[in-house]
Amino acid sequence: MATVVERSDRLIAYRTLAIGEPWCDDVRPPILFQHGLGLHGEMWLPWARELLVHGRVLLPDLRGHGESAAAWQEKAYGEDELAADVVSVLDHAGIDRCHYVGESFGGTLGLVVAARWPERIRSLTLCSTAFRGATISNIGGWPDLVFSEDGMAKWSAEISAGRFDAASVGRIADWVDEAQRSLEPRVVAGLVRCLQAVDLTDVLPSLTTPVLVLAPAGSPFINLESARALHRALPFGEIVYLHDAMHGAALTHWQDCAAATSRFIDRANRGPA
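Residues numbered from 1 in each chain as written. Predicted model: local features only at pLDDT ≥ 70, side-chain atom pairs only at ≥ 80, totals over all residues. Heavy atoms only, no water.

Asker: Help me out: how do you make sense of the packing of helix 5 (residues 151-163) against helix 7 (residues 171-181) in this one?
Answerer: Their axes nearest at 9 Å, the elements helix 5 and helix 7 cross at an angle of 135 degrees. When the axes of helix 5 and helix 7 are compared, the pair comes out oblique. Crossing of helix 5 against helix 7: the hand is right-handed. Residues Met152, Ala153, Trp155, Ser156, Ile159, Ser160 and Arg163 of helix 5 pack against Val176, Asp177, Gln180 and Arg181 of helix 7. Tallied by class, residues from the contact of helix 5 with helix 7 come to five nonpolar, three polar and three charged. (Axes fitted to C-alpha atoms, helices over the stretch in contact; angles between N-to-C directions. Helix = DSSP H or I, 4+ residues; strand = E, 2+ residues; numbered from the N terminus. Parallel < 35°, antiparallel > 145°, perpendicular 65-115°, else oblique. Left-handed = near helix turned anticlockwise from the far one by under 90°. Contact = heavy atoms within 4.5 Å. Nonpolar A, V, L, I, M, F, W, Y, C, P; charged D, E, K, R; others polar.)

Asker: Mind showing me how you'd approach the environment of Thr252 here?
Answerer: With respect to the helices, strands and loops of the structure, Thr252 is situated in helix 10 (residues 249-252). Remark: the alpha-carbon pair of Thr252 and Thr135, spanning 117 residues in sequence, is separated by 24 Å. Ignoring any residue separated from it by four or fewer positions in sequence, one finds Thr252 in contact with Phe164 and Val169. Polar contacts involving the side chain of Thr252 include one to the side chain of His253, which spans 2.7 Å. (Polar contact = N/O pair within 3.5 Å; in protein donor to acceptor, adjacent residues only side chain to side chain.)

Asker: Help me understand the packing of aromatic side chains in this model?
Answerer: Here a ring pair, both rings aromatic, is described through the centre-centre distance and the interplanar angle of the planes. According to the stated counting rule, one finds six aromatic pairs in the structure shown. Residues Trp72 and Tyr77 carry aromatic rings whose centres are separated by 4.9 Å and whose planes lie at 85 degrees to one another, so their mutual orientation is edge-to-face. Tyr77 shares its class with Trp72; the two are buried. Members of the aromatic cluster, each reached through a chain of ring pairs, are Phe33, Trp44 and Trp47. Above the face of the Tyr77 ring, Arg63 is positioned so that its terminal group lies 4.2 Å from the ring centre. (Phe/Tyr/Trp six-rings, centres within 6.5 Å; stacked < 30°, edge-to-face > 60°. Buried < 20%, exposed > 50% of the residue type's maximum accessible area, 1.4 Å probe, protein only. Lys NZ or Arg CZ within 6 Å of the ring centre and 35° of its normal.)

This is the structure:
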């Protein structure tokens, strides 16, 4: 059952997962997973099976998505406001610091949180993530597309074609299509416009957080040069290439992604606090 953060106009839902002795306090930094456009927190359940060994897990639904759908009140929000939703979840759960894992737009929000609230982030794992909206390809027509006749179905098919080869992933494609079609058009249009306006170029060199970049080679939205540029700009960055993956690598290649993330979090936990 989801917990709901009620704060101002925010109604942000999140789930908490944990293993281990319920009578003992786990003092390790938890892991917060943030999905991107069109999905919801349950996409991370396969990852959670692998990463719960590092501590409890938080799965928020992005504003306008899943059980946070009612939180979308305006036509659009800026990245700072959406990043503040993440911090409100941490505050509500009583968490001072976490390991943050984000995919696509969720990864971009992680960079914003690490820049504005560096004390809250122990490590960042970013999959299929952009730091500058102007470099993202093939999304410019989406804000108009979703308001056209049968627009959400058309948009879902278009973004899914960039996530993966639907013929090869079967039930994943069906699950993703259902999640994407459940959104309101204004949510898709608002998040796309928000993402297009993002430019974190100037803040990346000042980040002190260790960052792992998971870079799929076949994303039609964020090419490998953009992933390499992100890695080069980070003072404490690592990069792992996913050579046969498309933009939906967090779904289709979750085993490889989770394994690399687990090793990265283990190194971060052993490093300086």
